Amino acid sequence: MANYKALTIAGSDTSGAAGMEADLKTFEEMNVYGMVVLTVIVAQHPESWAHDIFPIDMNTIKRQISTVAAGIKPNAMKTGMLGSGELVELVAESIQKYDLQNIVIDPVMVCKGMDTIMVPDAARAIKSTLVKFADVITPNTLEAAYLADMEQVDSLEDIKEAAQKIHKLGAKNVIIKSGSRFSDSDVMVDVLFDGKEFHIKEKSKVPNAYNSGAGCTFSAAMTAGLAKGLSVPEAFQEAEMFMQKAVSSSFKLNQFTGALCHWAHKL
Ligand code: PXL
């Protein structure tokens, strides 16, 4: 039996909904062996759910990268929360040094419910150094606006413009997810731009769904598809089907948040 291996370079979301927890659950459900380079640990305050970020030191991160990249070699990899500009640069160097393939960049700049960039220094470095290594980049509308130097991305036309601009930065394929952020619409769109064509996936908002970790899960599903040798449009199709089920069966964790049901495709 073929064993396909995927790597995530990402933070731990202690609540289990986002970050490397979401990535590993997704890899597993998609029949791909998962590995982690841990970058930060996010812990939430139980009374307010405010997030604190505890970084892992750079030497420990370098050792983890060499374990999986030199010692094993994944078929595909993704990035999640990177936490500092220095770490973004280390990831870009490592992609070249170890000749890593099938790179999915999830340019995590905000967590669910936030509208300001968490670590500006990391966001700048993603734009200047990491985007060009992306076989696929998967920003939400806030991240897309930042990367494309646009005031806002709030319509399908904006998404198309942003995707073209981000493609010009060097990403081979750009997937922008409107999520539930479009202000005046019941419809959500995910748009894949491959440099020539737009592939548009329209879907209805799922009422009362919990979508914490949706960005991580989607980019992990893309990574799993590429690890298995699917083309980008095929991986997009498979990731969309996986998300549809995981979001429809999402559930509450506490009064602040909930999680996707990663195993919903088996129900
Ligand atoms: O969903 C963005 C995200 C990514 N990575 C980690 C997180 C979060 C949001 O909470 O905690 C580790």
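What comes next is a walk through the structure. Every value quoted in this text rests on a predicted model; they were computed, and no experiment measured them.

1. Description of the site of the ligand
Here is step 1 of the chain: Within the structure, the ligand sits among Gly11, Ser12, Asp13, Ala18, Gly19, Val42, His51, Met81, Val108, Cys111 and Cys216.
Here is step 2 of the chain: In the environment of the ligand, an oxygen atom lies 3.4 Å from a nitrogen or oxygen atom belonging to the side chain of His51.
Here is step 3 of the chain: Notes on the ligand: free accessible area 310 Å², of which the protein chains cover 92%.
Here is step 4 of the chain: For the shell around the ligand, the element with the highest residue contribution is strand β1 (residues 5-13), accounting for 3 residues.
Here is step 5 of the chain: Within the shell around the ligand, the residues separate by chemical class into 6 nonpolar, 4 polar and 1 charged.

2. Focus: the nonpolar core
Note that soluble globular proteins tend to have their nonpolar side chains buried in a common cluster.
Here is step 1 of the chain: Ranked by size, the top nonpolar core spans 47 residues in total, and within it Met77, Val91, Leu130, Ile137, Ile166 and Ile176 carry the most contacts.
Here is step 2 of the chain: With 6 residues, helix α3 (residues 85-97) is the single largest residue contributor to this core.
Here is step 3 of the chain: When neighbours within four sequence positions are excluded, Val91 is seen to be in contact with Ile9, Met77, Thr79, Leu82 and Leu130.

3. What about the pairing of strand β9 (residues 198-204)?
Here is step 1 of the chain: When strand β8 (residues 187-193) meets β9, the two strands line up antiparallel, connected through 7 bridges. For Val191, the partnering residue across the bridge sits in β9 and is Ile200.
Here is step 2 of the chain: Linking two consecutive strands that pair antiparallel, namely β8 and β9, is a turn of 4 residues; a positive phi of about 100° is found at Gly195 within it.

4. Here's the deal with the packing of aromatic side chains
Given two aromatic rings, one states the distance between the centres and the angle between the planes to describe the pair.
Here is step 1 of the chain: As enumerated under the stated definition, the model contains 4 aromatic pairs in all.
Here is step 2 of the chain: With a centroid separation of 6.0 Å and 10° between ring planes, the pair formed by Trp49 and Phe256 is classed as stacked. Of the two residues, Trp49 is situated in the loop between β2 (33-44) and β3 (51-55) and Phe256 in the loop between β10 (251-252) and β11 (258-259); the sequence distance between them amounts to 207 residues.
Here is step 3 of the chain: Among the residues examined, Phe256 registers a relative accessible area of 34% and is labelled partly exposed.
Here is step 4 of the chain: Aromatic pair Phe251 and Trp263: ring centres 6.0 Å apart, planes at 45°, arrangement tilted. Of this pair, Phe251 sits in strand β10 while Trp263 sits in the segment after β11, and the two are 12 residues apart along the sequence.
Here is step 5 of the chain: In this structure Trp263 comes out as partly exposed when scored by relative accessible area, which is 41%.
Here is step 6 of the chain: In this arrangement the basic side chain of Lys127 is found over the ring face of Tyr146, its NZ or CZ atom lying 5.4 Å from the centre.
Here is step 7 of the chain: Over the ring of Phe198 we find Lys160; its NZ or CZ atom is 5.3 Å from the centre of that ring.

5. Remarks on the environment of Leu82
Here is step 1 of the chain: Secondary-structure assignment places Leu82 in the loop between β4 (76-79) and α3.
Here is step 2 of the chain: What makes Leu82 buried here is its relative accessible area of 4%.
Here is step 3 of the chain: Here the alpha-carbon distance between Leu82 and Ile9, two residues 73 residues apart in the chain, equals 7.7 Å.
Here is step 4 of the chain: If sequence neighbours within four positions are ignored, Leu82 has contacts with Ile9, Thr39, Leu87, Val88, Val91 and Leu130.

6. Observations regarding the sheet that holds β3
Here is step 1 of the chain: Here 9 strands make up an open sheet; going across it, the order is β3-β2-β1-β4-β5-β6-β7-β8-β9 and the pairing mixed. Two strands bound the open sheet, and with one partner strand each, they are β3 and β9.
Here is step 2 of the chain: By the bridge criterion, 4 bridges tie β1 to β4 in an arrangement that is parallel. In the strand pairing of β4, Ala6 is matched with Ala76.

7. Side note on a negative patch on the surface
Here is step 1 of the chain: A cluster of acidic residues, Glu86, Glu89, Glu93 and Asp121, forms a negative patch on the protein surface.
Here is step 2 of the chain: At 3 residues, α3 tops the list of elements feeding residues into the negative patch.

8. So, a nonpolar patch on the surface
Here is step 1 of the chain: Taken together, the side chains of Phe251, Leu253, Trp263 and Leu267 make up a nonpolar region of the molecular surface, amounting to roughly 420 Å² of accessible area.
Here is step 2 of the chain: Considering the arrangement of structural elements, one finds Leu253 in the loop between β10 and β11.

9. Let's talk about helix α8 (residues 232-248)
Here is step 1 of the chain: In a regular helix each residue adds 1.5 Å, so 17 residues correspond to 24 Å; α8 covers 24 Å between its end C-alpha atoms and thus fits that length.
Here is step 2 of the chain: Those residues of α8 lying buried are Val232, Ala235, Phe236, Ala239, Glu240, Phe242, Met243, Ala246 and Val247.
Here is step 3 of the chain: Where α8 is buried, its residues touch α1 (19-29), β6 (136-137), β7 (173-177), β8, β9 and α7 (214-227).

10. A closer look at the packing of α3 against helix α4 (residues 120-130)
Here is step 1 of the chain: Look at α3 against α4: their axes get within 7 Å of each other, and the N-to-C directions meet at 25°. In terms of axis orientation, α3 runs roughly parallel to α4. Crossing of α3 against α4: the hand is right-handed. In contact with Gly85, Val88, Glu89, Val91, Ala92 and Ile95 of α3, α4 contributes Asp121, Ala122, Ala125, Ile126, Thr129 and Leu130.
Here is step 2 of the chain: Residues belonging to the contact of α3 with α4 are distributed by class as follows: 8 nonpolar, 2 polar and 2 charged.

Rules and cut-offs
Residues numbered from 1 in each chain as written. Predicted model: local features only at pLDDT ≥ 70, side-chain atom pairs only at ≥ 80, totals over all residues. Heavy atoms only, no water. Near = heavy atom within 4 Å. Polar contact = N/O pair within 3.5 Å; in protein donor to acceptor, adjacent residues only side chain to side chain. Areas by Shrake-Rupley, 256 points an atom, 1.4 Å probe, with all protein chains shown as cover. Helix = DSSP H or I, 4+ residues; strand = E, 2+ residues; numbered from the N terminus. Nonpolar A, V, L, I, M, F, W, Y, C, P; charged D, E, K, R; others polar. Core = buried A, V, L, I, M, F, W, Y, C linked by side-chain atoms within 4.5 Å. Buried < 20%, exposed > 50% of the residue type's maximum accessible area, 1.4 Å probe, protein only. Contact = heavy atoms within 4.5 Å. Pairing = 2+ DSSP bridges. Phe/Tyr/Trp six-rings, centres within 6.5 Å; stacked < 30°, edge-to-face > 60°. Lys NZ or Arg CZ within 6 Å of the ring centre and 35° of its normal. Patch = residues over 30% accessible without salt bridge, like charges linked within 9 Å, V, L, I, M, F, W, Y side chains within 5 Å. Salt bridge = Lys/Arg side-chain N within 4 Å of Asp/Glu carboxyl O. Lys, Arg positive; Asp, Glu negative; His and termini not counted. Charge placed at Lys NZ, Arg CZ, Asp CG, Glu CD. Expected span 1.5 Å × (residues − 1). Axes fitted to C-alpha atoms, helices over the stretch in contact; angles between N-to-C directions. Parallel < 35°, antiparallel > 145°, perpendicular 65-115°, else oblique. Left-handed = near helix turned anticlockwise from the far one by under 90°.

Any functional reading would require information that these geometric values do not contain.
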